[in-house]
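Residue-level structure breakdown
The primary structure of each chain is shown beneath.
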Amino acid sequence: MIRTEKREVTLDDWDTIVPARTRAGKGRRYGHLTVRRRQDGVRLVEALILDPLSECAEVVCAPLPPACQEFPSLTPSLPAAHWAERLIGDFWGLKARGHQRWKSLALHEAWPATEFPFAVVSDLPLRPREYQFMKVEGPGIHEIPVGPIHAGIIEAGHFRFSCLGEVITNLEIRLGYQHRGVESRLTSTPLQHMRHVAESVSSDSGTANAIAHAEAIENLFGIEPSSAARSIRRMALEIERIASHLGDLGGLSGDVGFALGAAAFARLRGVALGLGQTLGGSRFQRGLVCPGGIAWRVEDERFSVLAESARSLRESVREASDLMLQNPGLQERMEGVGALAPHLVTEFGMVGPTSRASGGNYDARSIQLSAAGLAPATESAGDVLSRARVRAKEIETSLDLLQYHLSSDLDGPPRVELPERLPACRVGVGVVEAWRGELIHWVTTNEDGSVNRYCVRDPSLQNWTGLAIAARHNLVADFPVINKSFGLSYSGNDL
Amino acid sequence: MLTSLLYALKQRFATGESEFPELPEGARSLPVPTSEPCLGVECSRCVSLCPTGAIRIGDGVTLDRGLCVTCGACVEACPTGAIQYDRGVQTAALQRADLILRSGEPRPSRETLRAGPFSRSIDIREVSTGCNATDLEVAAISNPVFDCARFGIQFVASPRFADVLLVTGPVGRAMHEPLVRCYESMAEPSLVVAAGTCAITGGLHRGGYAEANGVLPHLPVAAFIPGCPPHPLSIIDGICLAVGSPVAEVRT
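None of these values were measured; they are calculated from a predicted model.

This paragraph deals with the overall build of chain B. Helix and strand content of chain B: seven helices and 10 strands. Dimensions of chain B along its principal axes, counting C-alpha atoms only, are 65 × 45 × 35 Å. Split into buried and exposed, the 252 residues of chain B put 59% on the buried side. Long-range contacts, defined here as pairs at least 24 residues apart, represent 77% of the contacts in chain B between residues at least 6 apart. Carbon and sulfur atoms make up 53% of the accessible area of chain B, which totals about 10,700 Å². When the 20 basic and 25 acidic side-chain charges of chain B are each reduced to a single mean position, those positions are 2 Å apart.

Next comes the structure, spelled out in structure tokens:
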């Protein structure tokens, strides 16, 4: 249960108070930044600050005057906010004054430069969006544009490489091609259907998104699901993590030419999806999680099948992981490649296994992990090999968590009934450690219980910058494996 | 090297024996209207729970699988079993209208085209415009269990090498032009296959300002594979159906 507090400040104090609030206690961290329109029409810039150790969150907001076209940028002192500020520019037409790399993030040539999806007539005039690719100049520098359509089976996004021969001097990542208008849709969708839209944010993390949504709604009401339902949700989340990490290990194997590993892990990913089929009825556990708990009663037999399958999967995974991670040829391809310096993790508020492979230790499951006698998986070298190792360790931890939950009391009502209308003028936040990292769903309601603003902060929004920096000084030919080792979501970023 | 060889030998064969086996017992898959009595408009629980409006109640239940996101809410709520999960995986169709199923009516029959020159050699360019779930299942068809290569299916890096353009996701505004340009780069004859509910209608994302209404507003579609996401076997079925491969004959 996350308790949320609100604090209002003036726009002049915005860029001093918000960074200070992120440091105002042990473990506090920047979560997300957005703008919303209050019912009286006033636009507010809002920052969400998380306090995982105390299980609470703080929303700091500052009202914007009516003809306002800008707000003070947090980026100079809180670089972690730099992409969230550019998203505000795209959707609201407001500029973050003092942002060092101001340009559009998600809406490019396909959208008229003065079309701002969340702006209204009374906000006008607003400055048009612009985008210029950074140019690297010098003898021998050439540019390689890649995407939005990529050569493999992967989401759409654009990479602009500036190279000196084979070596990447700069990589600029331009996304937005998967933008579908999910936040806007979540604002207008009836409560009972919202969970399906929430799952579609980035459906390879459908379970994580469904849980973050469910928890945000539950926190609005101040209710908790039964402990059985909570355990089942956590098992589903770990199954999703296991399947995704196995898929990534297979992808990494393929990207360094280890076809056997690619085939082995692809098969094991299928076995892990089979755990999802057993627990949730489908490979992606669609529709299982809902606000209040889970959507149907899970039969007892499924738990014993799950326990047995997880046991045999652990053996198979260990064998395949050792085969891959202890292979000297593969180590040579992955060691020292795509190194991400630890200070970047802190500065850019990076999350997930990628951050933990560079020495970070933040895992949104901390409290749950310690209760089970486990710890977040970490490595320190921050290269492709470290990110692969962290995933292998996390698969083990997830299997341990599965076992832990399977031996808890799973008999309980699947869901707590919720009222039909959301409570008035409240804020609900759900934070989940999705397999890519910390995922946030942040909901604010109106006086009549309708949704005023629904915000999703995918872990990838924080991590794409790390990829762009880690790619520097590496060979273009190593980019696929570096990209895969970050394993980020395009659709989760673009929404 | 030796370790790898021994590991590989130990794995034996992973490929499923029958081509399109049913999904396991208890699977929550694409629903189908059955011959059980529907309580009619007075009930309408399925209609109100469906997030995409895929269900109509009139003379029985009408389900449009082109809108269905396999959430299972209708099946869970139906008091009589008038709509149930369908464990069959050969769910693809050549016509958009064939995705609309009605109680009491037989499944639209599938007319497999006469096997054309591509039916045993299918080079696919995949374009992703969505949330990644269907992409993951498309990628899965190349794994040892589903082994699409045995049907002549392979993925290629450029539309210049491709016969089939396999599209996933609802095709939002930013992908309208790239998608069409990709199709236009393909030499004739070429086919477009819409994989997943989003690619068919836009699914949960349709009708919004992002103009994400699937492939049909932009390109002619040769085969439709419903599901959110569709199962890898259904994807293989849909690709084979599109090119007229005898693999896509319906197994009863």
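Let us look at the confidence of the model for chain B. Averaged over chain B, the pLDDT score is 93; the fraction of residues at 70 or greater is 96%. With a pTM of 0.97, the predicted complex shows an ipTM of 0.95.

The biggest cluster of nonpolar side chains holds 159 residues, and the ones touching the most others in it are Trp14(A), Leu33(A) and Leu165(B). Top element by residues in this core is helix α6 (residues 227-255) of chain A. It accounts for 11 residues. Those residues in contact with Trp14(A), other than ones at most four positions away along the chain, are Val9(A), Pro19(A), Leu33(A), Val45(A), Glu46(A), Ala47(A), Val60(A), Cys61(A), Ala62(A), Phe71(A), Pro72(A) and Leu74(A). In terms of nonpolar packing, the next biggest core, distinct from the first, is built from 30 residues, Val164(B), Val193(B), Ile239(B) and Cys240(B) among them.

Take the sheet that holds strand β14 (residues 451-457) of chain A next. Residue and element names in this part refer to chain A. Overall, antiparallel pairing links the three strands, which are arranged β12-β13-β14 in an open sheet. Looking at strand neighbours, the two that pair on one side only are β12 (427-434) and β14, the edges of this open sheet. Mean inter-strand twist for the sheet, computed between neighbouring axes without regard to direction, equals 10 degrees.

The next subject is the state of the cysteines. Residues and elements named next belong to chain B. Per the counting criterion, the structure on display carries zero disulfides over all chains. With no disulfide of its own, Cys50 lies closest to Cys71 among cysteine sulfurs, the gap being 6.3 Å. Between Cys182, a free cysteine, and Cys148, which holds the nearest cysteine sulfur, the sulfur-to-sulfur gap is 18 Å.

Another point: unusual backbone geometry. Going from Gly147(A) to Pro148(A), the amide bond is cis rather than trans, its omega being 20 degrees. The topology assignment puts Pro148(A) in the loop between β7 (141-146) and β8 (158-164). Within the chain, Asn132(B) stands out as a residue other than glycine whose phi angle is a positive 95 degrees. Examined against the element boundaries, Asn132(B) turns out to sit in the loop between β6 (122-128) and α4 (133-140).

Turning our eyes to something else, we now look at a nonpolar patch on the surface. On the surface, Leu2(B), Leu5(B), Leu6(B) and Leu9(B) cluster together to form a nonpolar patch covering roughly 440 Å² of accessible area. Among the structural elements, Leu6(B) can be located in helix α1 (residues 2-11).

The next point concerns the interface of chain A and chain B. Much of the literature gives interface size as the accessible area that the parts lose upon coming together. Taken residue by residue, the interface counts 58 residues in chain A and 61 residues in chain B. Our enumeration of links across chain A and chain B arrives at three salt bridges. Between Glu319(A) and Lys10(B) there is a salt bridge; the shortest N-O distance is 2.6 Å. Those elements giving two or more residues to the side of chain A that touches chain B turn out to be α3 (182-188), α4 (191-199), α7 (259-280) and α8 (300-325) of chain A. Per-element tally for the side of chain A that touches chain B: the top contributor is α7(A), with nine residues.

Next up on the list: the pattern of salt bridges. Across all of its chains, the model carries 49 salt bridges over all chains by this definition. Across the salt bridge formed by Glu25(B) and Arg87(B), the nearest N and O atoms sit 3.6 Å from each other. In this pair, Glu25(B) sits in the loop between α1 and β1 (31-33) while Arg87(B) sits in the loop between β4 (83-85) and β5 (100-102), placing the two residues 62 residues apart along the sequence. Taking the relative accessible area as the measure of exposure, Glu25(B) reaches 69% and is therefore exposed. Between Arg65(B) and Asp86(B) there is a salt bridge, with its nearest N and O atoms 2.9 Å apart. A residue pair is termed long-range when its members are at least 10 positions apart, and Arg65(B) in the loop between β3 (60-64) and α3 (73-77) and Asp86(B) in the loop between β4 and β5 qualify at 21 residues. This pair shows no difference in class: Arg65(B) is buried, exactly as Asp86(B) is. One network of salt bridges, with partners in common, ties together Glu238(A), Arg241(A), Arg356(A), Asp363(A), Arg365(A), Glu394(A) and Glu433(A).

As a further point, take the pairing of strand β13 (residues 437-445) of chain A. All names here are of chain A. Burial runs high along β13: nine of the nine residues are buried. Both β12 and β13 contribute to a ladder of eight bridges, which runs antiparallel. Looking at β13, one finds that Val429 is bridged to Trp442. Connecting β12 to the next strand, β13, in antiparallel fashion are two residues. Across six bridges, β13 lies against β14 in antiparallel orientation.

Rules behind the numbers
- Position labels on residues start from 1 in each chain and follow its written sequence.
- In the order they appear in the text, chains get letters beginning with A and ligands get numbers beginning with 1.
- The predicted origin of the model limits local features to residues at a pLDDT of at least 70 and limits the giving and counting of side-chain atom pairs to 80 or more, whereas totals for whole chains, interfaces and linings rest on all residues.
- Where side-chain values are given, they derive from all heavy atoms of the structure, hydrogens and water being excluded.
- Here a strand is any run of E in DSSP of at least two residues, a helix any run of H or I of at least four, and the numbering for each starts at the N terminus.
- Only protein chains enter the accessibility calculation, which uses a 1.4 Å probe. A residue is then buried if its area is under 20% of the maximum for its type, exposed if over 50%, and partly exposed in between.
- In what follows, a contact means two residues having at least one pair of non-hydrogen atoms within 4.5 Å.
- Only the protein chains shown count as cover for residues, with accessible areas throughout obtained via the Shrake-Rupley method and a probe of 1.4 Å.
- When charges are counted, Lys and Arg contribute as positive and Asp and Glu as negative, whereas His and the chain ends are disregarded.
- Charged groups are reduced to one reference atom each: NZ for lysine, CZ for arginine, CG for aspartic acid, CD for glutamic acid.
- Predictor confidence is given residue by residue as pLDDT, running from a minimum of 0 to a maximum of 100.
- Definition used in this section: a nonpolar core is a set of buried Ala, Val, Leu, Ile, Met, Phe, Trp, Tyr and Cys residues joined via side-chain atoms within 4.5 Å.
- When DSSP finds two or more bridges between a pair of strands, those strands are recorded as paired.
- Lines fitted to the C-alpha atoms define the axes, with helices restricted to the stretch that makes contact. Angles between their N-to-C directions range from 0 to 180 degrees.
- Any cysteine sulfur atom paired with another within 2.5 Å is treated as part of a disulfide.
- Here the term patch refers to residues with relative accessible area over 30% and no salt bridge, with like charges joined within 9 Å and nonpolar side chains (Val, Leu, Ile, Met, Phe, Trp, Tyr) within 5 Å.
- Salt bridge criterion: a side-chain nitrogen from Lys or Arg within 4 Å of a carboxyl oxygen from Asp or Glu.

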